[in-house]
Structures are given as structure tokens and as C-alpha cells.
Amino acid sequence: MSSPRATESPTSDRKVVVHLRATGDAPILKQSKFKIAGSDKFLKVIEFLRRQLHRDTLFVYVNSAFSPNPDELVIDLYNNFGFDGKLVVNYASSMAWG
Amino acid sequence: MRGVCTRSGSLSAADFYASAIYFSQRWNETNSDFPNWVWIPCSRLGAISEDEGYLVLEKIKLQTERNDSNLELNNCDSCANDELTDEATLVDVHSHDAHLYDLHIAYSFTYKVPVLYFRGYKSDGCHLSLDEIKEELPSHSVEILQKSKWTFMTQEEHPYLNTPWYTLHPCGTGDWMKLLLSSTSYGDKASLIQYLPAWLSVIGQTVGLRVPLELYSPS
């Protein structure tokens with residue numbers, strides 16, 4: 001007899017297509033589309049951007065006028081704010097001067 | 001002057017009031033975990049006018065390192081951890097230790113953007129110093145504060161209470177609000193009404209306040 005446990009939600013195992021868009025004078029990535037597990041936190045996207053761009057501080061936001069908390073799950077962001085099969089994530093440079 | 005100036009990312013006092021009321025209503029409807037935001041009518045000039053004032057959210061726990069570890073223990077329903085002693089005692093001890101915060105959102109007539117004013121307290125009511133607050137902020141918040149050219153904390157006089165509060169300086173706000181507002185295809189009206197949720201999505205991260213995702217979709 002199996003112990004009761006929550007069924008693994010199929011959506012959280014999904015991969016989500018993320019499209020990274022440079023704004024302002026932020027550098028454009030050679031490859032701007034990639035897939036990430038829906039169960040990953042948005043923090044992973046932020047860290048990926050930082051590594052790719054060698055920038056410690058980026059201003060990262062989605063096409064619905066907000067900057068997601070790094071703890072948000074990618075699948076939640078996609079379900080609520082995704083469009084056309086992908087989640088568009090914009091980024092700009094916000095490093096301190098000097 | 002009505003209308004958001006998307007070139008500058010600012011808004012008028014009247015639009016701040018409209019967005020504040022809209023935001024607080026939606027927050028209060030969707031966010032049962034937190035107390036309600038309350039609008040306090042107040043005027044710099046003495047006479048109370050209905051559409052000048054500020055929003056307050058008081059005596060709340062923020063997503064701090066300290067409070068997070070408290071929460072983990074408190075929410076440990078099915079925890080079979082042998083190290084835990086009497087759960088009731090644990091809850092008492094840790095909620096007694098919890099640091100609470102007051103958050104106020106007021107309009108800056110100089111910069112024409114909202115400004116966050118906040119204070120932290122120990123369980124005995126003593127105010128936390130800025131260093132003590134920074135010590136317990138999530139690492140993500142500390143990073144933003146230290147490295148971003150747009151957000152830094154200072155101490156200022158609260159515009160209505162005439163006491164010193166900590167604040168995120170508003171001089172960079174227009175720059176990043178410009179980016180946020182231009183990311184949507186909303187018309188002017190929708191942009192304006194969503195101004196506060198958009199603004200809080202960034203400011204909230206600097207102090208460990210989580211905004212529910214529902215607030216970012218126009219109703």
C-alpha cells in the first residue's frame with residue numbers, strides 16, 4: 001500500500017523556454033533563447049545572465065512591468081506572464097558608477 | 001499634471017494616490033498572510049485633503065535570514081527532527097525574538113516618485129540600527145543595495161511624521177521605472193494604475209518584502 005503523497009505536478013517537470021532580451025546599453029547574448037526546468041527558481045536565470053555577461057548587477061524584469069523575486073518558480077512566471085510559448089526576460093545594466 | 005511620463009518614469013501626486021488605493025485594495029484582497037496596507041490621509045500643509053497621504057504596513061515580519069529560520073521551525077508540521085524539543089516552547093522563544101518592521105510608502109514631490117520609509121524593531125520595542133537591519137537582509141537584497149547604482153539606503157526625516165526613518169533614496173527610481181513601464185503594451189491608464197506594484201517589485205526585494213504574483217496582472 002503506497003503512502004499518500006502529493007502527485008508530482010506535470011507542469012513543474014516541464015521545461016520553460018526563456019527568451020533573454022537586452023535593453024538599454026546591456027550587451028546582447030550570442031544565444032538568447034534557452035530552456036530551464038519549470039521547478040527552478042528565477043534566481044537561476046539571474047545567475048545565468050550574470051555568468052554570461054560577467055556582470056554582477058543586472059536589472060532583470062519581465063514584460064509585465066515587474067522584476068521577479070529570485071525565489072519565484074519559473075513555471076509560475078511562465079504560467080502567469082508567458083506568451084507565445086515563452087517567458088521573455090529583459091535585462092539592463094545597473095552597476096554602480098565608479 | 002496627469003499622466004505618467006514614460007520618458008522619466010515618474011507620476012503625479014494624484015496618480016500616486018490612485019495607484020496606492022488600487023494596489024492596497026488588491027493586496028488586501030489577495031494576500032491573507034500579511035496585514036493590510038492602510039492609507040493614512042495626511043497633508044504637508046495642515047489641511048487634510050483626501051488624496052494626499054501615505055500607505056502603511058506595520059508590525060510585519062520580513063523575509064529576513066533571521067525570520068526565515070524562525071519560520072522554518074514554526075512551519076515544521078511533520079518534522080520528526082529529534083533535536084526539536086517541545087514545539088510550543090520553540091514557537092514562543094522564536095516569535096519573542098522576531099524582528100518586526102513598519103513600512104511606509106509616501107510620494108516625493110521633489111522626485112515625483114514613491115519613496116519607501118521603514119523602521120525595524122526588536123521584540124522589546126528597541127529600534128534596529130541600519131547595520132543591524134542590513135545584517136539580517138537576504139543576501140540578494142544586500143547585493144542590490146551594495147552594487148546597484150539605483151538603490152541605496154539613507155536616513156531621512158519622514159515627510160509627515162517628522163521623525164528619522166530609513167529610506168531607499170528616490171533619485172534612481174525614475175530610471176528603472178522607465179524600463180519597467182516600457183516593457184508592457186499597456187495603455188497609459190493601465191500603466192499608471194500598475195505603477196505601485198511595479199515599483200514595489202523592485203523596492204520590496206531590497207528589504208525582503210515578497211509581492212504576490214497576482215498583483216502584477218491588471219485586474
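For the structure itself, consult the block above.
Our subject in this report is the structure included herewith. The model shown is predicted, which means the values in this text are computed figures rather than measured ones.

The rules behind these values
- Residues numbered from 1 in each chain as written.
- Chains lettered and ligands numbered in written order.
- Predicted model: local features only at pLDDT ≥ 70, side-chain atom pairs only at ≥ 80, totals over all residues.
- Heavy atoms only, no water.
- Buried < 20%, exposed > 50% of the residue type's maximum accessible area, 1.4 Å probe, protein only.
- Helix = DSSP H or I, 4+ residues; strand = E, 2+ residues; numbered from the N terminus.
- Arc of directions from axis to C-beta.
- Salt bridge = Lys/Arg side-chain N within 4 Å of Asp/Glu carboxyl O.

This paragraph deals with helix H3 (residues 74-81) of chain A. In an α-helix, one turn spans 3.6 residues, which is why side chains three or four residues apart end up on the same side. Considered for burial, the residues of H3 of chain A that qualify are Val74, Ile75, Leu77, Tyr78 and Phe81 of chain A. Taken around the axis of H3 of chain A, the buried residues stretch over an arc of 165°, which confines them to a single face.

Despite not being glycine, alanine 65 of chain A has its phi angle at roughly 60°, a positive value. Owing to a relative accessible area of 5%, alanine 65 of chain A belongs among the buried residues under this scheme. With phi around 55°, asparagine 162 of chain B is a residue other than glycine that occupies positive phi space. The residue asparagine 162 of chain B is located in the loop between strand S5 (153-157) and strand S6 (164-168) in this model.

Pairing is possible between side chains of opposite charge, provided their charged atoms come close. Taken as a whole and judged by the stated rule, the model has eight salt bridges over all chains. Between lysine 44 of chain A and aspartate 40 of chain A there is a salt bridge, with the nearest N and O atoms lying 3.3 Å from each other. Taking relative accessible area as the criterion, lysine 44 of chain A reaches 46% and is therefore assigned partly exposed. Of the charged contacts in the structure, one is a salt bridge between lysine 178 of chain B and aspartate 175 of chain B, with a shortest N-O distance of 3.8 Å. With lysine 178 of chain B and aspartate 175 of chain B both in helix H6 (residues 173-181) and three residues apart, the pair spans about one turn of that helix. Relative accessible area serves as the criterion here: at 30%, lysine 178 of chain B is assigned to the partly exposed category. On the basis of relative accessible area, aspartate 175 of chain B is assigned to the partly exposed category, the value being 34%.

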